[in-house]
Each structure stands twice: as structure tokens, then as C-alpha cells.
Amino acid sequence: MHIRKKLYVSILLTGLFLLTGCSFGKKTVLTYDGTFELELGKTKVGAAMEAGFTDQYSYSAKSRIDSNSWENFYAMKGDVTYGTMYAANKSSKEIDFEEGKVFRVVIDYEDPDYDTGEILINGVNYEGYTRDQIKEAMSGAKMTLDHETYLDFEDGKFEYTFQFDEGSETVSSISIDDGTDWELVIN
């Protein structure tokens, strides 16, 4: 009887852990052209470089990220843009740029100079999506703002901001952030 009780309690605790773990275990994964996956807040900018992305339009002299700071990485492959990745250094010492973890990605679908490559956000390519399609695709997240030119959602610790040009119902840019910027002190 004592073993059954322990087994029952163990099963109950495991079930509770799994249920509560789901709400804290959310993640955001971006897939670039079906070949490179970036997990926001986990993937280092060096992994994007190893996957063939260049940073040709960022500040060219950067090789380090100051402590509690961040730097931009304008992800390009040839003449195709894949948005801006923001690489963070949460530590108290300077690190190599490649070691910074990507905490924010901004995708501009209306870049006047370059085509935007295929980018899936948790399996969805939002390019060309309307406000209603975004609301449907983000139905599992909490909508925090519904304005003429913005839709904001929170999903776990991640914030998604969809921007629309005035008078347009088609998304023009997306910003996804894991909240790291609030932890950093930029000098």
C-alpha cells in the first residue's frame, strides 16, 4: 500500500510539473531558408556566421561586445537580407562578437534595397500575412496591443511586434524579443 501511495504521488507531481513546465518552456525558433535554425536567446551569432550569413552592413570594426551590452548583426546571404539579429553579452566581462547570443530579431519585408529570404517563425512564414491571419496564427499567445499600425503578443517571455504601414493590412515588419534588452545597461 505504501508503494502505491508513493507511485501515485510521483505520477501526480510529474503531471503537475509537465503542466506548469509547458507554460515556462516556450521557445522561439526561426528557420532560415530551411537550412539554419536559430533559437532566440540560445543561439550564438557565430552559428549564423558558420551557416554562411555575413554581417557586411554593420559597424566593421566590431570584434567584441562590451559587458552587459549588445551589437547588431545584419544577416545577409549574397543580395538577400534575413533581418537584423541583436547579439547580447549578459556577462560582466567583454566577449568576442561571435559569442553573443541572439536575443532579438527584426525582419523588414519591405526593404527597398534587398529581397527578404524565407524566414519561418515557429514554423510560420508571416510574409504577406494580414492582421487577421496573424491573429489566427498567434492565437496561443496573449495579445497585448491591437493598434492601426501594430499588433503585439506575449508568449511566455517572448514579445512579438507586427508592424503595418498606415492604411495597409499586410505586415511590413516583425520584431521578436526575449526580454534580454531590459537586463542590459548600454553605455
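What this report covers is the structure whose coordinates are included nearby. Throughout this document, residue positions are counted from 1 along each chain, in the order its sequence is written. With the structure being a predicted model, the display of local features is reserved for residues of pLDDT at least 70 and the display and counting of side-chain atom pairs for 80 or more, all residues being used for whole-chain, interface and lining totals. Here the side-chain values reflect all heavy atoms present in the structure, with hydrogen atoms and water set aside.

## Points about the overall build of the protein
What counts, and what does not: Comment: elements are numbered from the N terminus, with helices defined as DSSP H or I runs of at least four residues and strands as E runs of at least two. Between buried and exposed lies partly exposed: a residue is buried under 20% and exposed over 50% of the maximum accessible area for its type, with that area taken using a 1.4 Å probe on protein chains only. A contact between two residues is defined here by any heavy atoms of the two lying within 4.5 Å. Note on areas: Shrake-Rupley, 1.4 Å probe, and residue coverage restricted to the protein chains presented here.
Within the protein, the regular secondary structure consists of 3 helices and 13 strands. Burial status across the protein gives 37% buried among its 187 residues. Considering only contacts within the protein whose residues lie at least 6 apart along the sequence, 50% involve residues at least 24 apart. Working note: accessible area of the protein is about 11100 Å², and carbon and sulfur atoms make up 51% of it.

## Examining the pattern of salt bridges
Note the cut-off: By salt bridge we mean one thing: a side-chain nitrogen of Lys or Arg within 4 Å of a carboxyl oxygen of Asp or Glu.
Enumeration according to the criterion identifies 8 salt bridges in this entry. Where Arg 64 meets Asp 96, a salt bridge forms, and the shortest distance between an N and an O atom there is 2.5 Å. Taken as a pair, Arg 64 in strand E3 (residues 64-65) and Asp 96 in strand E6 (residues 95-96) lie far apart in primary sequence, 32 residues in all. Judged by its relative accessible area of 35%, Arg 64 is partly exposed. The exposure class assigned to Asp 96 is partly exposed, which follows from its relative accessible area of 37%. For the salt bridge of Arg 104 with Asp 177, the shortest nitrogen-to-oxygen distance reads 2.7 Å.

## With respect to the sheet that holds strand E9 (residues 119-121)
Stated precisely, the cut-off is as follows: Whether two strands pair depends on DSSP finding at least two bridges between them. To define axes, lines are fitted to C-alpha atoms, for helices over the stretch in contact only, and angles between the resulting N-to-C directions are given on a 0 to 180 degree scale.
Pairing is antiparallel in the open sheet, where 3 strands are placed in the order E2-E1-E9. Bordering the open sheet on either side are strand E2 (36-39) and E9, each of which pairs with just one other strand. Adjacent strand axes in the sheet meet at a mean angle of 20°, parallel and antiparallel pairs treated alike. As paired strands, strand E1 (residues 29-32) and E2 are joined by 4 bridges and run antiparallel to one another. Bridging across to E2, Tyr 32 finds its partner in Phe 36.

## Comments concerning the layout of surface pockets
Which parts of space are left empty comes out when a probe the size of a water molecule is rolled across the atoms. What counts, and what does not: A 1.4 Å probe that fits but cannot get out identifies a cavity on a 1 Å grid over protein atoms alone, an open set with protein on both sides within 12 Å along at least five of seven lines counts as a pocket, and a residue lines either if it has an atom within 4 Å of a point. Grid points are joined across faces, edges and corners, and a volume is the space filled by probe spheres set on the points. Three residue categories are used. Nonpolar comprises Ala, Val, Leu, Ile, Met, Phe, Trp, Tyr, Cys and Pro, charged comprises Asp, Glu, Lys and Arg, and polar comprises the others, including Gly.
The volume enclosed by the largest pocket comes to roughly 160 Å³. Mapped by element, the contributors of at least two residues to the lining of the largest pocket are strand E4 (69-77), strand E5 (80-89) and strand E7 (101-108). Looking at the lining of the largest pocket element by element, the count peaks at 3 residues for E5. Across the lining of the largest pocket, the residue classes tally to 5 nonpolar, 3 polar and 2 charged.

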